[in-house]
Amino acid sequence: PSADEVAKSLANPNTPLASQTLKLQYRQFDGDLPEADQQSGTVLLYQPTFPFPLDNGATVFIRPEFPVIFEQPFFEPESNDFDSASGLGDIGFDLAYGRTTESGLLWAVGMIATLPTATEDELGPDRFNLGPEVLIGKTIERVVLGALTTYQTDVGGSGDADISLTTVNAFATFLPGGGWNVGTAPIMSYDHENSQWTLPLNLSFGKTVILGGRPWKLGAEINYYVEQADAFGPEWMIGINVAPVVENIFARMLK
């Protein structure tokens, strides 16, 4: 397939293509805590996607996410100052069943979970989280619209935190041709325990290219957070994304 055909397929969350996505994200923070506006952090996310096409035209997706945290600032009340931690964060994954109809309607239902794998106490609440997810969207010629909504609550673990979190990943992608894509895909969340929204404005763009016979999706994005925790939260995020399309060895094994 051409780069343009691959770009169209990858813009659809129900794509049958397997990929290995790397996201490098830099965040600048702000808040009411002392020197909050001088804090920053960097995270590398590894997100492999392995879809399993079914005979009825639907697809089963397994999408884990491994966060490698190079620097995460946190506040020490005893010293009234910030420190930072690094290591592996909590691993998340989802398992979903979805399909795209001939009319362009796309949908999926499944479950999402978070595992308490953080190597430092400051990098995760040490709780198992679990909940449902629902995707609904539409493809219209060179435009893909939709939203993925998830809810997670804690179901175990040795930590003391109570987790009740709703997340909405809305997306609107325009494909002008030549493998290019531009759009917005903000990840909005509501913390029910603290009655707190986190709301970013997002702009993303990228291009799918063929290198050495393999499709690669290259992209960048920027977030500006219009709502976040008053004490401490992200103000800006700049990300670079690299996603090679790979052979789906797991689907091939099941044939």
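The structure under discussion appears in the preceding block.
Residue indices follow the written sequence of each chain, beginning from 1 at its first position. Local features in this predicted model are restricted to residues of pLDDT 70 or higher, and side-chain atom pairs are both shown and tallied only at a pLDDT of 80 or more, whereas totals for entire chains, interfaces and linings draw on every residue. As a convention, hydrogens and water are excluded, and side-chain values are obtained from all of the structure's heavy atoms.

Participant: It is not clear to me how helix α1 (residues 3-11) should be interpreted in this structure. Could you clarify?
Facilitator: Three labels apply to residues, based on accessible area from a 1.4 Å probe with only protein chains included: buried if under 20% of the type maximum, exposed if over 50%, partly exposed otherwise in between. Here a strand is any run of E in DSSP of at least two residues, a helix any run of H or I of at least four, and the numbering for each starts at the N terminus. Counted residue by residue, α1 has seven buried out of nine residues, so it is predominantly covered. Where α1 is concerned, the buried positions are Ala 3, Asp 4, Val 6, Ala 7, Ser 9, Leu 10 and Ala 11. Along its buried surface, α1 packs onto β8 (143-156), β9 (164-177), β12 (196-211), β13 (214-227) and β14 (233-246). In this analysis, two residues are considered to be in contact whenever any of their non-hydrogen atoms come within 4.5 Å of each other.

Participant: Which parts of the structure should I look at to understand the side chain of Ser 40?
Facilitator: Tracing the sequence through the fold places Ser 40 in strand β2 (residues 40-53). Relative accessible area serves as the criterion here: at 19%, Ser 40 is assigned to the buried category. Those residues in contact with Ser 40 that sit more than four places away from it in its chain are Tyr 26, Arg 27, Gln 28, Phe 29, Glu 71 and Pro 73.

Participant: Where do I start with the nonpolar core in this structure?
Facilitator: Proteins that are soluble and globular tend to have nonpolar side chains buried together. Working definition of a nonpolar core: buried Ala, Val, Leu, Ile, Met, Phe, Trp, Tyr and Cys residues. They are joined through side-chain atoms within 4.5 Å. In this structure, Ala 7, Ala 11, Leu 106, Ala 108, Leu 135, Val 144, Phe 171 and Leu 175 together form the largest nonpolar core, which totals eight residues. In this structure Leu 175 touches Ala 7, Lys 8, Ala 11, Arg 142, Trp 180 and Asn 181, once residues within four positions along its chain are discounted. By size, the runner-up hydrophobic cluster in this structure holds six residues, among which are Val 43, Leu 45, Ile 69 and Ala 85.

Participant: Sorry if this is basic, but what is going on with the packing of aromatic side chains here?
Facilitator: Aromatic ring pairs: the centre-centre distance and the angle between the two ring planes describe each pair. To pair, rings of Phe, Tyr and Trp, with the six-membered ring standing in for Trp, must have centres within 6.5 Å; the planes then decide the type, stacked if under 30 degrees apart, edge-to-face if over 60, and tilted in the middle. Under the definition given, this model contains seven aromatic pairs. With centroids separated by 5.2 Å and ring planes inclined at 70°, the aromatic side chains of Phe 75 and Phe 82 adopt a geometry described as edge-to-face. Relative to Trp 236, the ring of Tyr 224 has its centre 4.8 Å away and its plane inclined at 50°; by these criteria the two rings are tilted. In this pair, Tyr 224 is assigned in strand β13 and Trp 236 in strand β14, connecting sequence segments 12 residues apart. For Tyr 224, a relative accessible area of 34% gives the class partly exposed. One aromatic cluster is present, built from ring pairs that chain together Phe 29, Phe 75, Phe 82 and Phe 232.

Participant: It is not clear to me how the pattern of salt bridges should be interpreted in this structure. Could you clarify?
Facilitator: In a structure, side chains of opposite charge can pair up when their charged atoms sit close to one another. The term salt bridge refers to a side-chain nitrogen of Lys or Arg lying within 4 Å of a carboxyl oxygen of Asp or Glu. This model, assessed by the stated rule, comprises five salt bridges. Its salt-bridge partner being Arg 63, residue Glu 133 comes within 3.9 Å of it at the nearest N-O pair. Placement of Glu 133 in strand β7 (residues 128-140) and of Arg 63 in strand β3 (residues 59-76) is noted, with a sequence separation of 70 residues between them. Accessibility expressed as a relative area gives 3% for Glu 133, which makes it buried. Each member of the salt-bridge network shares a partner with another, and the members are Asp 4, Lys 8 and Arg 142.

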